[in-house]
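Residues per chain, in single letters:
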Amino acid sequence: MSLAQLLGIDAPIVLGPFGGLSSVELTAAVSNRGGLGSYGLYGYSAERIHDTIRTLRAATGKPFAVNVWLPTGDEVTPSDVDLEPARQALAPLFEAAGVALPEVPARFLPDPAEQLEAIMDAAPAVLSLVFGAPDPRLVETAHHRGIRVIGTATTVAEAVELERAGVDAVVASGAEAGGHRISFLEPAERSLIGTFALVPQVVDAVSVPVIAAGGIADRRGVAAAFALGGAGVQVGTAFLRTNESAATEAHRRAIAGATDTDTVLTRAMSGRLARGIPNRALRAIEDAGVILPFPAQNWLTGVFRAAAAKNGDGDLVSLWAGQAAGLATRDAAGDAFDELAAGLPEGSGGNAA
């Protein structure tokens, strides 16, 4: 069975799930074009998850995926950390964004179990997961509800672990990819395998379909992914650049102007390693040398990032982007999709070009 048949889609092109940057418009656009639209539910309450999936169903009658982060066990709570040094170190960024220094919250994140329960209740076509392998019982529950499950790996060992958990497909995410490095067996810094090396080794190690991710932004990347044994592709930056995404205009301009050397790996914005384009906020945080563990750092910077996004200030938001940002040239999601689909081989499930 092809990946397209497994997921009930026409073309094996998956939208990268953007935690914090997903939009119903872009998710629906990719699904309606025949691919698998994805929506990142990072930080969403159970009620908001139900509302979002309801809105997605109203926007598209085609399959779509929702994505959540699994707990790794090293997440901190407000009582675990002293926020004051970081609050003071980042005070100039809050001032620049026009917001007051935040008070300590009751908690940084919703309960992951409540998020997953809400997803099981809503029963989208696909659940995609990052930062871990799911409990096999969760996979069984998902399958009972008619939900396919996709796991995400940055190493061969992680892919094997995901297959053992019973996932239906594995995303092999190369180090070129934008956003967070979603490693879970070894530190992210020791799991930076490039897509070209990672995908064929994962294909050889598991029996489930492998979705290639990282550095894929046009038909050439798609063709290369299939040549490496991939059954499909997951694409983030090329779609993040489009008008349908929830990225700010400043973020889109940053992607449009990026070259091959314009992204860095940093823990500055969230406390976890991620790839993006440097700006004032990233440099100021790294220069200050005060980076809280996840999710404390993500919550703290999220306060001024949200205000900056509303103000259109690209110097104070997370400019996530992959190393192939320079190949992300389409302004419309449909045009980006058609360019990618032109690289699909015959028999892969569809060619929308």
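Note: the structure precedes this text.
Keep in mind that what you see is a predicted model, and the values were worked out from it rather than measured. (Residues numbered from 1 in each chain as written. Predicted model: local features only at pLDDT ≥ 70, side-chain atom pairs only at ≥ 80, totals over all residues. Heavy atoms only, no water.)

Peer 1: Describe the sheet that holds strand E11 (residues 274-276), listing the residues and the values that go with them.
Peer 2: As a general point, the strands of a sheet are linked pairwise by backbone hydrogen bonds and lie either parallel or antiparallel. Ordered in space as E7-E11-E10, the three strands form an open sheet in which the pairing is antiparallel. Since the sheet does not close on itself, it has two edges, and those belong to strand E7 (179-180) and strand E10 (264-266), each with one partner. In the sheet, E7 pairs with E11 via two bridges, with the strands oriented antiparallel. The partner of histidine 180 across the bridge, within E11, is alanine 274. (Pairing = 2+ DSSP bridges. Helix = DSSP H or I, 4+ residues; strand = E, 2+ residues; numbered from the N terminus.)

Peer 1: An account of the pairing of strand E4 (residues 126-130) is requested, with residue identities and associated values reported.
Peer 2: The element E4 is extensively covered by neighbouring structure, given that five of its five residues are classed as buried. Residues of E4 alternate between two faces, with Val126, Ser128 and Val130 on one and Leu127 and Leu129 on the opposite face, all of them buried. Where strand E3 (residues 64-69) meets E4, five bridges bridge the pair, whose relative direction is parallel. Paired with tryptophan 69 across the bridge in E4 is valine 130. Across three bridges, E4 lies against strand E5 (residues 148-153) in parallel orientation. Bridge assignment links serine 128 to a residue of E5, and that residue is isoleucine 150. (Buried < 20%, exposed > 50% of the residue type's maximum accessible area, 1.4 Å probe, protein only.)

Peer 1: Pulling in residues and values, what's your account of the environment of glutamate 189?
Peer 2: Inspection of the secondary structure puts glutamate 189 in the loop between E7 and helix H9 (195-205). Residues glutamate 189 and valine 68, 121 residues apart in the sequence, show an inter-C-alpha distance of 22 Å. A distance of 2.9 Å separates the side chain of glutamate 189 from the side chain of arginine 267, its partner in a polar contact. (Polar contact = N/O pair within 3.5 Å; in protein donor to acceptor, adjacent residues only side chain to side chain.)

Peer 1: Which residues make up helix H14 (residues 296-311), and what are the values?
Peer 2: Note that an α-helix has 3.6 residues per turn; residues three or four places apart therefore point the same way. In this model H14 runs 24 Å from its N-terminal to its C-terminal C-alpha over 16 residues, within 8% of the 22 Å that 1.5 Å per residue would give. Most pronounced at glycine 302, the bend in H14 amounts to some 35°. Within H14, the full set of buried residues consists of Ala296, Gln297, Asn298, Trp299, Leu300, Thr301, Phe304, Arg305, Ala307 and Ala308. Those residues of H14 that are buried lie in contact with helix H4 (84-89), helix H5 (91-97) and helix H13 (280-288). At the exit of H14 stands glycine 312, carrying a positive phi of roughly 75°. (Expected span 1.5 Å × (residues − 1). Bend = angle between axes of the 7 residues up to and from the residue. Contact = heavy atoms within 4.5 Å.)

Peer 1: Please set out the sheet that holds E5 residue by residue, giving values where relevant.
Peer 2: Here we have eight strands laid out as an open sheet, ordered E1-E9-E8-E6-E5-E4-E3-E2, and parallel in their pairing. In this open sheet, the two strands that pair with only one neighbour each are strand E1 (13-15) and strand E2 (37-40). Across the sheet, the mean angle separating the axes of adjacent strands is 25° when strand polarity is ignored. Pairing analysis gives three bridges linking strand E8 (residues 210-213) to strand E9 (residues 232-235), with the strands arranged parallel. Looking across to E9, one finds that isoleucine 211 is bridged to glycine 232. (Axes fitted to C-alpha atoms, helices over the stretch in contact; angles between N-to-C directions.)

Peer 1: I'd like a rundown of the packing of aromatic side chains, residues and numbers included.
Peer 2: For the coordinates displayed, the defined rule picks out seven aromatic pairs. Ring geometry for tyrosine 42 against tryptophan 69: centres 4.4 Å apart, planes inclined by 45°, an arrangement best described as tilted. Remark: tryptophan 69 occurs in strand E3 and tyrosine 42 occurs in the loop between E2 and helix H3 (46-59); sequence separation between them is 27 residues. The same class applies to tyrosine 42 and to tryptophan 69, which are both buried. With a centroid separation of 6.3 Å and an interplanar angle of 45°, the aromatic rings of tyrosine 42 and phenylalanine 294 are classed as tilted. (Phe/Tyr/Trp six-rings, centres within 6.5 Å; stacked < 30°, edge-to-face > 60°.)

Peer 1: Pulling in residues and values, what's your account of the nonpolar core?
Peer 2: In globular proteins that are soluble, nonpolar side chains generally tend to be buried together. Ranked by size, the top nonpolar core spans 96 residues in total, and within it Leu127, Phe239 and Phe304 carry the most contacts. Counting residues per element, this core draws most heavily on H14, which supplies six residues. Ignoring any residue separated from it by four or fewer positions in sequence, one finds leucine 127 in contact with Val66, Val68, Leu116, Ile119, Met120, Ile147, Arg148, Val149 and Ile150. Ranked by size, the runner-up nonpolar core spans 14 residues in total, among them Ile9, Leu36, Ala65 and Ile211. (Core = buried A, V, L, I, M, F, W, Y, C linked by side-chain atoms within 4.5 Å.)

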